[in-house]
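# Structure assessment
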Amino acid sequence: ACIENGHRVKGVSNLASSKKQGVAIAPSSVQPALAAGPKPIAVGFERRCEACSTFSNGCRLGQPGSQWVGRWLCQVCWRRKIHKIGQDSCEVAEPPSHLQALRLSGPALTEKRSAFQHRESTCCTCGKSSRVIIRSTADGETLLCGSCWLSDDSIDSHQGLADLEGGFDILRQIMLLRAAAHAAATDKPEPAGVNGQGGAGLAPRRVLDQPWPHERILLIWDALGLRSSVLAKLVCQEFGAFLQCIELHDEPSVAEALFPYPEIESEEVVREGALSAVLSDGIFINGCEENPRVLLFELKYLLTSCPPDAAEAERFERAVLVPLASLRKCSAGRRTAVVSHRWWLGSEALEVASASLTDFKFCLLDDFLTDHELRALQNDALSLHRSGHLERGITEQRQGEHSFFGSESKNEGDFLNIGEKPRKWTVQGDHRLWLRDPDPRAPQISILTAALDQLLIAMGSQSSAAEDTRQRLGRIAFRENTMVGFYPAETRARYMRHCDTCGRRAILTAIFYLNDSWQSEHGGFLRLFHDGSSPKVRYDVAPEANRLLLFWSTDECPHEVRAAHRDRFAMTTWFLDGGQRIQREDDEGEGDLNHLTGLLRNASLFAGADLEEETDLRVSPAALRGMGSDQLALAKRFLVTFLRQAKAEAAARLAGCSSCGSVSGSGSVDAAGLSTVAANAAAGRSFTTASLGLGVGGKFGTGEF
């Protein structure tokens, strides 16, 4: 197979085998030969295909186990005979109907017959030999290769959409992308519609480029495919500066483009009649010809997400990181392995950290724990991973039936990556496990939770701390169970942009990172954005070992996890507002507050400074009837929530029960021991024990006790 001194000879079509037998992923330049069992053999001169009788310089021998073993097949027939794709031949005169491409003639689409011909010819524009060509619509005589056809601006890319299913929706998405890109470039809010520029009825201008450096998406398209050729033409003409487009019959170019991504099985992206994409992180998207939403989503990210502002990042580092580093260094001589010693408990450190949360909405504390404590938590996380306790986050967390990418039940285009194919795009790629405190599966987890409680209690009670931060921390009632998160490098795992307040009504997010010697090339940054829907990046946080990241869980801090190129571990805890959670349950019609009891079972009381006083609550004998110790502890958490919320509010006032309308006496305590004064303060609402299900035979909600 033209092997010389253990290397493939330059000029030979190199078709290195992937894990499954497929097409080339190595460039035409010299590289070491791969010996991985049976693989297609390519030669550097023409042979006649024994299936369709056409000559090709890329013929291959049929695979063992098939009826074509030992017989020469051209590229197209090899795919069809060996992989059972398409028709049984590759006649040049008339390609299969389901792979016919468009002929664009004049101002409108007139015919649905193949414009591209599958034959070896020379492009009149670039002078290169091409296996698929098309006649120019300008004169009908000029032959163009696929690349030159894409760049020919005389052809209106919008014409072909009229005959595509869902074509109008695709065009609408393109117009929205244009509008979003212009808004991002001018630092304006993204318009809700497509008429944001130029007045009513006028579409936004085409986007030529953006003023910031950006990556490019590799696009592999089949000129013989109807949908793939139309969509490739459209996105290339619209967003060419953000794409590298290669026609799949240009095998040397395809091989060279895929060479940096050897983990991607080539048959996943080199597919007849298809449009596929590869992101710079090595994540592939296939099936774009039928479901282009994921591709359009990634294009929007490139069009709108500018890197962090250097001046703003420098301001944060000078105001926060430099002072904290100085304070940490001063305490280094006094630091020991004793758990009680915490450098960040100093008044100056607490003042800087609280000011950072007020001014920048987030804070970073490096060397949060001692080295011994860090190793203990690292061992717990590795043990959980190796023992198989961590499960895919996508199996636990539903995406909903009306997400941007489609219905979860239908899973159009497999945006959930149900089969967990390596490197395939998915909405989230993390693995996780929720841990109680304590939990026998991770016996050292309480080291982290105790330190977090200690930090927030000190920050909330520090007189010199920022007032806004103190008030917000004062509303914390619970610490949710700790989530151990793992992002495998094998799948380039990441997590899309989101806010933590959705669903859980969290106040503060705390993430502790466990990754030694993390480098920038490992990726996996937690990217913080500015408030709301703004695409502006606030800061990129590297997941370095012994680093604690704090940020507000509201829509002030949208964030995402970028693709990890190395296995990435973290432990995350959310601090919750109990009163706001109760408000949510009632507003959303949960009725008997079963969701609240789920919260109480899966969260710990935040160890506030007055916890000892609050846990000395008296509960009447009537309410105790039928309760076990666990149920009593759960009821006590419920009562503590109300009393803590009462203290957090400036005042409580008597009001009618928001559920049944009855009125209780001011400050009275009923059979369950629930103070209506405290209840009034909980998110501005008040409840009677009957509506809450407390005090009736030890019942809480519907059968929870």
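The structure under discussion appears in the preceding block.
All residue numbers here refer to positions counted from 1 along the written sequence of the relevant chain. Local features are withheld for residues below a pLDDT of 70 in this predicted model, meaning they are given only at 70 or higher, and side-chain atom pairs are given and counted only at 80 or more; totals for whole chains, interfaces and linings count all residues. Excluded from the side-chain calculation are hydrogens and water; included are all heavy atoms of the structure.

This part is about the pattern of salt bridges. Salt-bridge detection follows one rule: a side-chain nitrogen of Lys or Arg within 4 Å of a carboxyl oxygen of Asp or Glu. For the structure on display, the rule yields 28 salt bridges. Residues Glu556 and Lys361 are paired through a salt bridge, measuring 3.5 Å at the closest nitrogen-oxygen approach. You can see Glu556 sitting in the loop between β25 (547–552) and β26 (559–561) and its partner Lys361 sitting in the loop between α8 (347–359) and β16 (362–366), a full 195 residues away along the chain. Relative accessible area serves as the criterion here: at 15%, Glu556 is assigned to the buried category. Relative accessibility under 20% of the residue-type maximum defines a buried residue, over 50% an exposed one, and the middle range a partly exposed one, all with a 1.4 Å probe and only protein chains included. A relative accessible area of 17% places Lys361 in the buried class. Glu420 is the partner of Arg392 in a salt bridge, and the nearest nitrogen-oxygen pair spans 3.9 Å. Where helices and strands are cited, they refer to DSSP runs of H or I of at least four residues and of E of at least two residues respectively, numbered from the N terminus.

Our next topic: the sheet that holds strand β15 (residues 284–285). Pairing between two strands requires that DSSP report at least two bridges joining them. Pairing within the open sheet is mixed, and its four strands lie in the order β13-β12-β14-β15. The sheet is open, and its two borders are formed by β13 (243–247) and β15, each paired with just one other strand. Pairing of strand β12 (residues 217–221) with strand β14 (residues 275–278), which is carried by four bridges, proceeds in the antiparallel orientation. For Leu218, the partnering residue across the bridge sits in β14 and is Val278. The sheet contacts of helix α5 (residues 251–258) involve β12, β13 and β14, and relative to β13 the element is tilted by about 140°. Pairs of residues are marked as contacts when any of their non-hydrogen atoms sit within 4.5 Å. Angular values range over 0 to 180 degrees, each being the angle between N-to-C directions of two axes fitted as lines to C-alpha atoms, with helices fitted over their stretch in contact.

To continue, consider the pairing of strand β22 (residues 506–513). Within β22, eight of the eight residues are buried, which leaves the element mostly enclosed by the surrounding structure. Judged from the seven bridges that link them, β22 and strand β27 (residues 568–576) form a sheet pairing that is antiparallel. Bridge assignment links Ile511 to a residue of β27, and that residue is Thr572. Here five bridges tie β22 to β25, and the two strands are oriented antiparallel to one another. Bridging across to β25, Leu508 finds its partner in Trp552.

Our focus in this paragraph is the packing of aromatic side chains. Two rings from Phe, Tyr or Trp (for Trp, the six-membered ring) form a pair when their centres sit within 6.5 Å of each other. Planes less than 30 degrees apart are called stacked, planes more than 60 degrees apart edge-to-face, and all others tilted. Going through the model one piece at a time under the given rule, you end up with twelve aromatic pairs. Ring-pair connections join several aromatic residues into one group, and the members of that group are Phe316, Phe360, Phe362 and Tyr539. The ring of Phe529 has Arg497 sitting right over it, with the charged end atom 4.3 Å from the ring centre. Lysine and arginine charges are scored as sitting over a ring when NZ or CZ, respectively, is within 6 Å of the ring centre and within 35 degrees of the ring normal. For Arg568, the ring lying beneath its charged end belongs to Tyr487, and the centroid distance is 5.0 Å.

So far we have only geometry, and geometry alone does not tell us how the molecule works.
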